[in-house]
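What the coordinates show
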Amino acid sequence: MTQYLDFEKPLAEIEGKAEELRALARANEEMDVADEAAALDQKAAKLLDDLYADLTPWRRCQVARHPERPHCKDYVKALFTEFTPLAGDRNFADDLAVMGGLARFRDRPVMVIGHEKGSDTKSRIEHNFGMARPEGYRKAVRLMQLADRFNLPVVALVDTTGAYPGKGAEERGQSEAIARSTEACLQIGVPLVSVIIGEGGSGGAVAFATANRIAMLEHAVYSVISPEGCASILWKNSEKMREAAEALRLTAPDLKKLGVIDRIIPEPKGGAHRDKGTAIGAVEKAIATMLDELDGKDRAALIADRRNKFLAMGSKGLAA
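This section reports on the structure supplied with the text. (Residues numbered from 1 in each chain as written. Predicted model: local features only at pLDDT ≥ 70, side-chain atom pairs only at ≥ 80, totals over all residues. Heavy atoms only, no water.)

**Concerning the environment of Arg133**
The condition that has to hold: Numbering of helices and strands starts at the N terminus; helices are DSSP runs of H or I of at least 4 residues and strands are runs of E of at least 2. It only takes one pair of heavy atoms within 4.5 Å for two residues to be counted as in contact.
Within the fold, Arg133 resides in the loop between α5 (121-126) and α6 (134-149). Sequence-wise, Arg133 and Ala209 are 76 residues apart; in three dimensions their C-alpha atoms are separated by 17 Å. For Arg133, the residues in contact, after removing those within four places along its chain, are Asp95, Asn128, Tyr164, Arg172 and Gln174.

In structure tokens:
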């Protein structure tokens, strides 16, 4: 069953009534409810269009966090063949919040790295809700360096609320690990493309998204802090998350104007969770396009491209 967000409650009622009618018809073949159900379907489709026509930043946050939204594992399974997972940082442990390995993308050998949140209670706990610890970022550094050694493009899929802030993670050098991962992104001499598929939270996301090309799904979010965290700091009230979401400029259109991302990937009507196949297909096209743009560039040009991209960041304003 579809899980509805708070602002989708009117839609849930209409779609629920249509499904009730169909259930009654299945139970009693003499009932003819096709016209009534079709009318409700049309009403629901119109309401869905209206709801998603101009989402507020806070509502985009809710969509980006939808539990049924496709996650890293879904993209890897659908888009990459011959995926061979690589585990561990060769120092402390294997962090399941970060998955990565060798694979083929459209028959092209690549290294794929991404945050995995998990899809149910058991897997979410196992993957720590996509919040990586230091060993996760050190694993990512190892995989990026391996890709650099064998001249493999790196594809990064970002979906995290942020790096794990626990005591053990801090004791093991969380900030240093994030910085090393960001540094590795800037230093490798192979194409690096990144896609924000859900949440792009703070340094935990930047550590994978310091790329030659950055794409972002239409209803994904990317910010220095969560709206709740920002509200707690600025207003001492996490309930002000709507105002914080507006101020953070975390939506794809705003980030495109600011030059933080390079392209926006359109989502199916109602968000990626309503039509996972279409959403995954759109991401595939974006990755292919970005890799094609970087084809033929030598090591020095790729490194300079990234350096110049991030040095120029901030030179654009929302009025640009």
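**Quick word on a nonpolar patch on the surface**
Note the following rule: Only residues whose relative accessible area exceeds 30% and that form no salt bridge are eligible for patches; like-charged ones are grouped when within 9 Å, while nonpolar side chains (Val, Leu, Ile, Met, Phe, Trp, Tyr) are grouped when within 5 Å. Note on areas: these come from Shrake-Rupley sampling with a 1.4 Å probe, and a residue is covered only by the protein chains present in the view. For this document, the term salt bridge refers to a Lys or Arg side-chain nitrogen within 4 Å of an Asp or Glu carboxyl oxygen.
Side chains of Ile233, Leu234 and Trp235 sit close together on the surface and give an oily, nonpolar patch of about 320 Å² of accessible area. With respect to the element layout, Trp235 can be found in the loop between α10 (227-234) and α11 (241-248).

**Looking at unusual backbone geometry**
The backbone of Asp107 sits at a positive phi, close to 70°, despite the residue not being glycine. Inspection of the secondary structure assignment puts Asp107 in the loop between β2 (98-105) and β3 (108-115). Of note, Ser202 is a non-glycine position whose phi angle comes to about 55°, a positive value.

**Comments concerning the environment of Gln145**
In plain terms, the rule: When accessible area is computed with a 1.4 Å probe and restricted to protein chains, residues below 20% of their type maximum are described as buried, those above 50% as exposed, and intermediate ones as partly exposed.
Inspection of the secondary structure assignment puts Gln145 in helix α6. Taking the relative accessible area as the measure of exposure, Gln145 reaches 46% and is therefore partly exposed. Residues Gln145 and Val190, 45 residues apart in the sequence, show an inter-C-alpha distance of 9.8 Å.

**Topic: the packing of helix α8 (residues 174-187) against helix α14 (residues 299-312)**
Note the cut-off: All axes here are fitted lines through C-alpha atoms, helices being fitted over the stretch that makes contact, and every angle between N-to-C directions spans 0 to 180 degrees. Oblique is the label for any angle not covered by the other classes, which are roughly parallel (under 35 degrees), roughly antiparallel (over 145) and roughly perpendicular (65 to 115). Residues are grouped as follows: Ala, Val, Leu, Ile, Met, Phe, Trp, Tyr, Cys and Pro are nonpolar; Asp, Glu, Lys and Arg are charged; every other residue, Gly included, is polar.
α14 packs onto α8 with a crossing angle of 130° between their chain directions and a minimal axis gap of 8 Å. Classed by the angle they form, the pair α8 and α14 counts as oblique. Two secondary-structure elements touch here, α8 through Cys185, Leu186 and Gln187 and α14 through Arg299, Ile303 and Arg306. A class-by-class count of the residues in the contact of α8 with α14 yields three nonpolar, one polar and two charged.

**Brief notes about the state of the cysteines**
Applicable threshold: Here, the term disulfide refers to a pair of cysteine sulfur atoms separated by no more than 2.5 Å.
Per the counting criterion, the structure on display carries zero disulfides. You can see Cys61 has no disulfide; the closest cysteine sulfur is in Cys230, sitting 11 Å from it. Judged by its relative accessible area of 1%, Cys61 is buried. Considering cysteine sulfurs only, Cys185 is the nearest to Cys72, which forms no disulfide, with 15 Å between them. Take Cys72: its relative accessible area is 1%, and that puts it in the buried class.

**Regarding the packing of α10 against α11**
Each pair of packed helices can be summarised by the angle the axes make with each other and by the distance between the axes. At their nearest, the axes of α10 and α11 sit 8 Å apart, and the two run at 105° to each other. On the basis of the axis angle, α10 is roughly perpendicular to α11. Mapping the contact onto sequence places Pro227, Glu228, Cys230 and Ala231 in α10 and Met241, Ala244, Ala245 and Leu248 in α11. The class makeup of the residues in the contact of α10 with α11 is seven nonpolar, no polar and one charged.

**Quick notes on the pairing of strand β4 (residues 154-160)**
The cut-off we apply is this: Two strands are said to pair when DSSP picks up at least two bridges between them.
Burial analysis of β4 places seven of its seven residues in the buried class, which makes it a mostly covered element. Here β4 shows no split at all, with Val154, Ala156, Val158 and Thr160 on one side and Val155, Leu157 and Asp159 on the other all buried. In terms of strand pairing, β3 meets β4 through four bridges, oriented parallel. Within β4, the position partnered with Val112 by the bridge is Val155. Relative to strand β5 (residues 192-201), β4 runs parallel, the two sharing six bridges. Along β5, the bridge assignment pairs Val154 with Leu192.

Purely geometric stuff here, so don't read any function into it on its own.
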